[in-house]
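# Structural overview
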Amino acid sequence: MRPLEEKVASAIRGNKMFLREDIEKREYRLSPLAAKSAESKGRRLDEEPCSLRTDFQRDRDRIIHSKAFRRLMHKTQVFLSPEGDHYRTRLTHTLEVAQVARTITRALNLNEDLTEAIALGHDLGHTPFGHNGESILNGIHPGGFRHNEQSLRVVDVLESSQGREGMNLTYEVRDGILNHSGSDMPSTLEGEVVRISDRIAYINHDIDDALRSGVITLDDFPSEALNLFGERHSRRIDNMVNNVIDASDGNDHIRMDDEHWKCLNLLRDFMFGNIYRSKNVKKEEDLMMVEKVICSLYTFFSENPNEMPEDFQKNIVRDGIAEVVKDFVASMTDRYAINVYGRIFG
């Protein structure tokens, strides 16, 4: 064996696999502001730790292997019944959020495993038919409906495995999922990263889809925002991500500077006024169809709870019919909801 090959072989023989304890120790090289898995506030139910994975890595894997995660591929992001293979779904949105969030987390020397787990789980509670489905369910369900709260209910209650109710995730992941939207901020910087990455991702990929659909052109967008961020999709994301990193470095919170935050919200307001609520994007007959399907299914299963799958029926005694019907309808994919509606009502 040649000397170089012998050195390489010797190095390989001397390598040791990384165990959970090794990874936990390595996390202390991260920023002092980073969450450390060894210091997690823990799970609601005690578990024997994994020998190879930290608690945050274990949470990420549980989310990826869940049924709720797989269903995201058949849930609408913005466009209802899009003609084309390249429009975003709730799953592709989730993956784009995770990518943006990991880039920011890595640059700030925070905990990537925690960030990724939160990002992959943040939209598990979304309804079929995107925000239109959420708005309708919010209007008919007592107490309303908010997808961030439903995402937490999915991981805490609805996704059961190993004879256990829920995924039994760590406090930090659950907190990040719940507070990725809404009025309360996450308790970790990693959760804050996901919160701002969610906005960066959906604004940019929804612009991309809107331009592809032909319902709008770049000339329609606020010039102030495009001049700052750029006209190309990749350029806009790059500018936003770099600004978050620069503005957050050494700070106690994740943020953009005032100018970039103002222009990001200009784009968000424009999208709500011209895309998310536009009849050019969502035809009146499609919106009527969504409302009819959601309302009809909610009413039918409220009156016939025994027609729901057994996994949902078992929760009725504890949670009540309305809560369980909401869970069932929210869990549906777009096509499953339409198929169930067709089977019931013809």
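Described in the following lines is the structure provided in the data block.

What counts, and at which threshold
- Residues numbered from 1 in each chain as written.
- Predicted model: local features only at pLDDT ≥ 70, side-chain atom pairs only at ≥ 80, totals over all residues.
- Heavy atoms only, no water.
- Buried < 20%, exposed > 50% of the residue type's maximum accessible area, 1.4 Å probe, protein only.
- Helix = DSSP H or I, 4+ residues; strand = E, 2+ residues; numbered from the N terminus.
- Contact = heavy atoms within 4.5 Å.
- Phe/Tyr/Trp six-rings, centres within 6.5 Å; stacked < 30°, edge-to-face > 60°.
- Lys NZ or Arg CZ within 6 Å of the ring centre and 35° of its normal.
- Core = buried A, V, L, I, M, F, W, Y, C linked by side-chain atoms within 4.5 Å.
- Salt bridge = Lys/Arg side-chain N within 4 Å of Asp/Glu carboxyl O.
- Lys, Arg positive; Asp, Glu negative; His and termini not counted.
- Expected span 1.5 Å × (residues − 1).

## Points about helix 9 (residues 171–178)
Within an α-helix, residues lying three or four positions from one another point in the same direction, as the helix has 3.6 residues per turn. Within helix 9, 6 of the 8 residues are buried, leaving the element largely enclosed by the surrounding structure. Along its buried surface, helix 9 packs onto helix 3 (55–64), helix 6 (112–121) and helix 8 (147–158).

## Digging into unusual backbone geometry
Of note, the phi angle at Phe129 is positive, near 65 degrees, even though the residue is not glycine. Since its relative accessible area comes to 3%, Phe129 is described here as buried. Here Asn168, not a glycine, exhibits a phi torsion of approximately 55 degrees, which is positive. By secondary structure assignment, the location of Asn168 is in the loop between helix 8 and helix 9.

## Comments concerning the packing of aromatic side chains
The final tally for this structure, using the stated rule, is 7 aromatic pairs. Ring centres 4.6 Å apart and planes at 45 degrees place the aromatic pair Phe221 and Phe270 in the tilted group. A residue pair is termed long-range when its members are at least 10 positions apart, and Phe221 in the loop between helix 10 (189–213) and helix 11 (223–229) and Phe270 in helix 13 (residues 258–276) qualify at 49 residues. Judged by relative accessible area, Phe221 falls into the buried class, the value being 4%. Judged by relative accessible area, Phe270 falls into the buried class, the value being 12%. Taking the centre distance of 6.5 Å and the plane angle of 75 degrees together, the rings of Phe328 and Tyr336 count as edge-to-face. Of the residues examined, Phe328 reaches a relative accessible area of 4% and is grouped as buried. Joined through ring pairs, the aromatic side chains of Phe300, Phe301, Phe312, Phe328, Tyr336, Tyr341 and Phe345 make up one cluster. In this structure, Arg26 is placed above the aromatic ring of Phe18, and the distance from its NZ or CZ to the ring centre is 4.4 Å.

## Things to note about the nonpolar core
Core analysis: the biggest nonpolar cluster contains 57 residues, and Ile63, Ile104, Leu124, Val173, Phe221, Ile254 and Leu267 have the highest contact counts within it. A total of 10 residues in this core trace back to one element, the largest contributor, which is helix 10. Ignoring anything within four residues of it in the chain, the contact list for Ile254 reads Leu108, Leu110, Leu189, Glu192, Val193, Ile196, Val244 and Ser248. Leu137, Val290, Phe312 and Ala337 belong to the second largest nonpolar core, which has 23 residues in total.

## Looking at the pattern of salt bridges
Counting across every chain of the model gives 31 salt bridges. For Asp55, the salt bridge is made with Arg43, and the minimal N-O distance between the two is 3.5 Å. Taken as a pair, Asp55 in helix 3 and Arg43 in the loop between helix 2 (20–26) and helix 3 lie far apart in primary sequence, 12 residues in all. For the residue pair Asp55 and Arg43, the accessibility class agrees, reading buried in each case. When the shortest N-O distance is used, the salt bridge between Arg212 and Asp209 registers 3.0 Å.

## Describing the side chain of Glu134
Tracing the backbone shows Glu134 in helix 7 (residues 130–140). One buried charged residue, Glu134, remains without a salt bridge, the closest side chain of opposite sign being Arg90 at 6.5 Å. Look past the residues within four positions of Glu134 in its chain and what remains in contact with it is His126, Thr127, Phe145, Arg146 and His147.

## Here we look at the environment of Gly230
Within the secondary structure, Gly230 sits in the loop between helix 11 and helix 12 (233–248). You can call Gly230 buried: its relative accessible area is 15%. When sequence neighbours within four positions are dropped, the list of residues in contact with Gly230 reads Ala225, Arg235, Arg236 and Asn239.

## Overview of helix 10
Between its first and last C-alpha, helix 10 extends 36 Å over 25 residues, near the 36 Å set by a 1.5 Å rise per residue. The buried fraction of helix 10 amounts to 20 of the 25 residues, a majority that puts the element mostly inside the structure. Once helix 10 ends, the next one or two residues include Gly214, with phi positive near 85 degrees.

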